[in-house]
Amino acid sequence: PEAVGLRMEEGPVEAGDLAGGGSFGEAMDVLLLQSIGELRLRLRVPISVSLTSREILRGIALSPEGRDAFADIIGRVEISYFGTHRPEADDYAACRRSYDALFAVLRQGSFS
């Protein structure tokens, strides 16, 4: 759990720097990538780089709280990359809250 805490705290630092410079979409993407990396480590499952975020979500065993948090991060990143929505500070803040919720689930070891 301590190692999870240290690793998952690194993502928000980089994301916060990006968000502070107004790059909210990139900051949210950092949170998503950090989440996927941590899921790979904590769940000890191979996650192919060819999978989409939604495919990863379907294939992992997470508690409902973890699943909801991860799904929210994915949804927010998707609309900024594939939609016409340009993320702003409030979008990043919501994504960060979901990242923090996922962090809490993974730190507790609540996978399924």
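Residues numbered from 1 in each chain as written. Predicted model: local features only at pLDDT ≥ 70, side-chain atom pairs only at ≥ 80, totals over all residues. Heavy atoms only, no water.

Let's shift gears to the packing of helix α2 (residues 24-43) against helix α5 (residues 89-108). Running from N to C, α2 and α5 cross one another at 10°; their axes reach a closest spacing of 9 Å. If you check the angle between α2 and α5, you find them roughly parallel. Along its contact with α2, which presents F24, A27, M28, L31, Q34, S35, E38, L39 and R42, the element α5 presents A89, D91, Y92, C95, R96, Y99, L102 and L106. In terms of residue class, the contact of α2 with α5 is made up of 11 nonpolar, 2 polar and 4 charged. (Axes fitted to C-alpha atoms, helices over the stretch in contact; angles between N-to-C directions. Helix = DSSP H or I, 4+ residues; strand = E, 2+ residues; numbered from the N terminus. Parallel < 35°, antiparallel > 145°, perpendicular 65-115°, else oblique. Contact = heavy atoms within 4.5 Å. Nonpolar A, V, L, I, M, F, W, Y, C, P; charged D, E, K, R; others polar.)

Relative to the elements of secondary structure, R67 occurs in helix α4 (residues 64-82). On the accessibility criterion, R67 (27% relative accessible area) is partly exposed. In this structure R67 touches L57, R58, I60, A61 and L62, once residues within four positions along its chain are discounted. (Buried < 20%, exposed > 50% of the residue type's maximum accessible area, 1.4 Å probe, protein only.)

With that settled, consider α2. Across its 20 residues, α2 extends 28 Å between first and last C-alpha, which sits within 8% of the 28 Å expected from 1.5 Å per residue. Positive backbone phi, at 50°, marks R44, one or two positions downstream of α2. (Expected span 1.5 Å × (residues − 1).)

The subject of this paragraph is the nonpolar core. Generally speaking, soluble globular proteins have nonpolar side chains that are buried together. In this structure, L39, F70 and Y92 are the most contacted members of the largest nonpolar core, which totals 26 residues. Of all the elements in the fold, those that place two or more residues in this core are α1 (2-20), α2, α3 (53-59), α4 and α5. Considering each element in turn, this core owes the most residues, 9 residues, to α2. In contact with L39, other than residues within four places in its own chain, are R44, I47, I60, L62, F70 and L106. (Core = buried A, V, L, I, M, F, W, Y, C linked by side-chain atoms within 4.5 Å.)

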